[in-house]
Amino acid sequence: MLQQIFDERFARAGVPLYLWRLDQLPGVLAGNKYYKLSSNLDHAVAAGRLRVASFGGAWSNHLHALARAGQARGLKTLGLVRTDASTALTPMLEDARRWGMEFIFLSRSDYRRRHDPGFLDSLSGDWPDTFWVPEGGSNALGVTGCVSLGREIARALPDRDLIVALACGTGGTLAGVAAGLGAKAQVQVCGYPMVKGGFYQSAVEEHLRSAGLCADNWAIVEDVAMGGYGTCSPELARFIVDFYRRHQVVLEPVYTGKLLYALLQQVQAGEFQGRSLLALHTGGLQGLRGYPALLADLAEVGFQGLEEGF
């Protein structure tokens, strides 16, 4: 899972680059969702729940993974989706429906109530025997699951001054990885927010508190959302295509593509000198189907397309 990437742009700056390839995890779940959802599903089964429910957008990696993992565990799944019921299902939701997920379609105003205890109580009354997982899987169970990821990384890390970099959606993976790495010498975890708003510092602190964890080895790198969540500029698309041409590693534009692009810009600006970079490839490649022009450009440099099943 640890892969060194020999990229002359990083090498010229004296910054070795490594990838932690969560996109290559075997089995039903890949990416960071394996660590965030496995413990939640274990808990749901142990509690005798019949169904697991969560929230997400129409292109949600989280709901996609939940549907697939729920099917494998024999659990019913329910997705509360921020989209209009009259809108055609995205390929991600089509997959989830094929794997047995039921949907409740929420307006944007209703979706904003997803953290409201009263709203959740009313949903729980309508859907008994259901275990509720927050958006992105970032509850205490999900964060604790990511601690094991941090420990795996700690065991494999080279002994050198290192930055562990990862893209952030809700901040739960960052919290768990930082806690799992613990006091590993000369290692700092840097989170790159993919959603605008400046709330990540407090969100990560709350994730750590809720899971009963402590970590002071992390930082948030602001202003890297590059136009907002899910946007893919022409510059980012060219970078993703070029990265595949150079290294035969597929990136997607929502998380890992933006992360690697931001890291390259920092390196070219003279940052990280004397340090090594370890970037987490957190998966989510099925979301590339939302970017047909990018997929076409990747095909021109040899990408054979996405495997069935994800």
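This structure is a prediction, so every number in the text was calculated from the model and none was measured. (Residues numbered from 1 in each chain as written. Predicted model: local features only at pLDDT ≥ 70, side-chain atom pairs only at ≥ 80, totals over all residues. Heavy atoms only, no water.)

Go over the overall build of the protein chain, please, and point to the residues and values.
Secondary structure summary: the protein chain contains twelve helices and ten strands in total. Relative to the globule expectation of 19 Å for 310 residues, the C-alpha radius of gyration of the protein chain, 19 Å, shows essentially globular dimensions. With respect to the principal axes defined by its C-alpha atoms, the protein chain has extents near 60 × 45 × 35 Å. Buried residues in the protein chain amount to 54% of all 310 residues. (Helix = DSSP H or I, 4+ residues; strand = E, 2+ residues; numbered from the N terminus. Rg over C-alpha atoms; globule rule 2.2 N^0.38 Å. Buried < 20%, exposed > 50% of the residue type's maximum accessible area, 1.4 Å probe, protein only.)

Can you explain the pattern of salt bridges? Please cite residues and give values.
What the rule picks out here adds up to 15 salt bridges. The salt bridge involving Arg114 is made with Glu135; its shortest N-O contact spans 2.9 Å. Remark: Glu135 occurs in the loop between strand E6 (130-132) and helix H7 (140-156) and Arg114 occurs in the loop between helix H5 (108-111) and helix H6 (117-126); sequence separation between them is 21 residues. Among the ionic pairs, Arg246 bridges to Asp242, the shortest N-O distance being 2.6 Å. One end of the pair, Arg246, and the other, Asp242, are both in helix H10 (residues 234-247), four residues apart, so they sit about a helical turn from each other. (Salt bridge = Lys/Arg side-chain N within 4 Å of Asp/Glu carboxyl O.)

Tell me about the nonpolar core, and name the residues and values.
Counting residues in each nonpolar core, the largest one holds 41 residues, and the members touching the most others are Tyr192, Phe239, Leu260, Leu263 and Leu277. Those elements that provide at least two residues to this core are strand E2 (17-21), strand E7 (162-168), strand E8 (187-193), H10, helix H11 (256-268), strand E10 (276-281) and helix H12 (292-300). Those residues within four positions of Leu260 in sequence are excluded, and the remaining contacts are Leu17, Leu19, Phe239, Phe243, Leu251 and Ala279. Within the second largest apolar cluster, 32 residues are counted, among which are Cys146, Leu162, Val164 and Leu166. (Core = buried A, V, L, I, M, F, W, Y, C linked by side-chain atoms within 4.5 Å. Contact = heavy atoms within 4.5 Å.)

Can you break down the confidence of the model for the protein chain residue by residue, with the values?
Low-confidence regions, as indicated by low pLDDT, have predicted coordinates that should not be scrutinised in detail. The predicted model of the protein chain averages 93 in pLDDT, with 98% of residues at 70 or higher. By mean pLDDT, H6 is the weakest element of the protein chain at 90, and H10 is the strongest at 98. (pLDDT = per-residue confidence, 0-100.)

Describe the sheet that holds E6, and please don't skip the residues or the numbers.
Strands pair in a sheet through their backbones, by hydrogen bonds, and they do so in one of two ways: parallel or antiparallel. Within the open sheet, the four strands sit side by side as E5-E4-E3-E6. Their pairing is parallel. Among the strands making up the open sheet, the edge pair consists of strand E5 (102-106) and E6. When the angles between neighbouring strand axes are averaged without regard to direction, this sheet yields 25°. Where strand E3 (residues 51-57) lies against strand E4 (residues 76-82), seven bridges are found, and the strand directions are parallel. Of the residues in E4, the one forming a bridge with Val52 is Thr77. Contacts from helix H3 (residues 61-73) reach E3 and E4 within the one sheet, and its direction differs from that of E3 by about 160°. (Pairing = 2+ DSSP bridges. Axes fitted to C-alpha atoms, helices over the stretch in contact; angles between N-to-C directions.)

Tell me what's going on with the pairing of E8, and back it up with residues and numbers.
Of all seven residues in E8, six are buried, a share of seventy percent or more. Note that E7 and E8 share seven bridges and pair parallel. Residue pairing for E8: Ala167 is matched across the bridge by Tyr192. You can see the chain leave E7, run along helix H8 (residues 172-181) and come back into E8, and the turn it takes is right-handed. (Right-handed = clockwise from strand over helix to strand, strands pointing away.)

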